[in-house]
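# Overview (structure and organization)
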Amino acid sequence: MSLKRKLLRQAGALLPAGLLRSLGRPVALFFHGVERRIADPALQFNHHTLEDFHAIAAALKADFDVAPLTDLGAVLKRPERHRRTVFLMSDDGYANTQLAADVLEDLHLPWTLFVSTEHIDTGAPNPMFQARRFLHHAPDGVYRIPHVPEPIRLNGARAAVAEETIHGIRFLPADAARETIGAMAAALGRGGAADNGDYSSERFLTWDELRGLAARGVAIGAHAHWHWAMHPRENPEMLRQQAAMPRQRIEAEVGPCRTFAYPFGNKRDVSALAWRAVRDAGYDYAFTTMSGTLSARQNPWLLPRYGLALQEPNMAGTLPLLRLGNPRLARWQRGLN
Ligand SMILES: [Zn+2]
């Protein structure tokens, strides 16, 4: 858990409930997948256990007003009247979000699922998952991988070299990153592009399954085409594709798509050209993963969103304090103008 998140929780536990309620503002929250059992925390850290997810959903039901994204425009106009409003979202489009759908349907909680459409089209695993799988599970040895300047030495404990390598490839342009990830997958020596090894948690939904979720009331949004950050080193044409293609695919296969969430979505993962490409592709709103609460003064294509920790024992305390992130968010948004 990050230090910031720890401090947020401690403050949230100490402040009186009445004060916290008055601080509250509408927020966007997101999760990834939901699994019955996590076998490998180093690779499956994007997935809540079903039990923990149920606890989070029940707490949202008890302490907040979970609203559909179609309410966002009205809520943004009067955020002070929606102190307990939460918009719940899931990213990527893992097949196991069908477990989340069951939980949320039982509790009558609306949510939006942002999918990376190339992965729905092809079943290809998330590229960062592929990189981590190589780094943690390739046989011991020295590997020369395109666009990684130094040979990667894998032996014994892998955590440090894995994180260092991920950090080094994270801001590659997508074309180069595909070569890097392809070489890692080949070096691991597994099967084809859609091979998830033993990790069923990493399987993506199919279009049929997505249509099934949409028929149950889940709103479907876009999360780029290929799951790669739309950062400042990416070329403009690729940014346009990453913005426009998922909307085309979702509208062709499922139905209207008006909202977008950036892959990674943090401070260095979204460029000034990226949000303009998203705006120009016709989305009404787009979500980052910068902390903050929602307001109409913000750039609607750079809205804040909070990633739910694997366990969230005190959301009534922590969520109102997300507004502490608003000054930093505002500075960042101004810097991307
Ligand atoms: Zn994602």
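For the structure, see preceding data.
First things first, this report covers the structure right here in the doc. (Residues numbered from 1 in each chain as written. Predicted model: local features only at pLDDT ≥ 70, side-chain atom pairs only at ≥ 80, totals over all residues. Heavy atoms only, no water.)

## Some points on a positive patch on the surface
- A cluster of basic residues, Lys-4, Lys-267, Arg-328, Arg-331 and Arg-334, forms a positive patch on the protein surface.
- The leading source of residues in the positive patch is helix H14 (residues 326–335), at three residues.
- Here Arg-334 shows up in helix H14. (Patch = residues over 30% accessible without salt bridge, like charges linked within 9 Å, V, L, I, M, F, W, Y side chains within 5 Å. Areas by Shrake-Rupley, 256 points an atom, 1.4 Å probe, with all protein chains shown as cover. Salt bridge = Lys/Arg side-chain N within 4 Å of Asp/Glu carboxyl O. Lys, Arg positive; Asp, Glu negative; His and termini not counted. Charge placed at Lys NZ, Arg CZ, Asp CG, Glu CD. Helix = DSSP H or I, 4+ residues; strand = E, 2+ residues; numbered from the N terminus.)

## Re the environment of His-225
- Relative to the helices and strands, His-225 is located in the loop between strand S9 (219–222) and helix H11 (236–253).
- When the C-alpha atoms of His-225 and Arg-247 are compared, they prove to be 8.9 Å apart, with 22 residues separating the residues in sequence.

## Looking at the coordination of the zinc ion
- Protein-derived ligands of the zinc ion are Asp-92 (OD), His-223 (NE2) and His-227 (NE2), with the metal-ligand distances lying across 2.0 to 2.2 Å.
- Mapped onto the sequence, the residues coordinating the zinc ion show the spacing D-x130-H-x3-H. With Asp-92 in strand S5 (residues 85–92) and His-227 in the loop between S9 and H11, this residue pair connects regions lying 135 residues apart in the sequence. Of the two residues, Asp-92 and His-227, neither departs from the other in class, the shared state being buried. (Donors = N, O, S within 2.8 Å, 3.2 Å for Na, K, Ca; no water. Buried < 20%, exposed > 50% of the residue type's maximum accessible area, 1.4 Å probe, protein only.)

## Comments concerning the side chain of Gln-44
- The residue Gln-44 is located in the loop between strand S2 (33–35) and strand S3 (47–49) in this model.
- Among all residues touching Gln-44, those that are not within four sequence positions of it are Ile-38, Ala-39, Tyr-199, Ser-201 and Glu-202. (Contact = heavy atoms within 4.5 Å.)

## Overview of the side chain of His-47
- Within the element layout of this structure, His-47 appears in strand S3.
- Every residue in contact with His-47, bar those within four places of it in the chain, is listed here: Gly-33, Val-34, Glu-35, Ile-38, Tyr-94, Asn-96, Ser-201, Glu-202 and Leu-310.

## Remarks on helix H12 (residues 272–280)
- Listed in full, the buried residues belonging to H12 are Ala-274, Trp-275, Ala-277 and Val-278. Seen end-on, H12 carries its buried residues on one side only, within an arc spanning 155°.
- Gly-282 sits one or two positions beyond H12 and adopts a positive phi of about 100°. (Arc of directions from axis to C-beta.)

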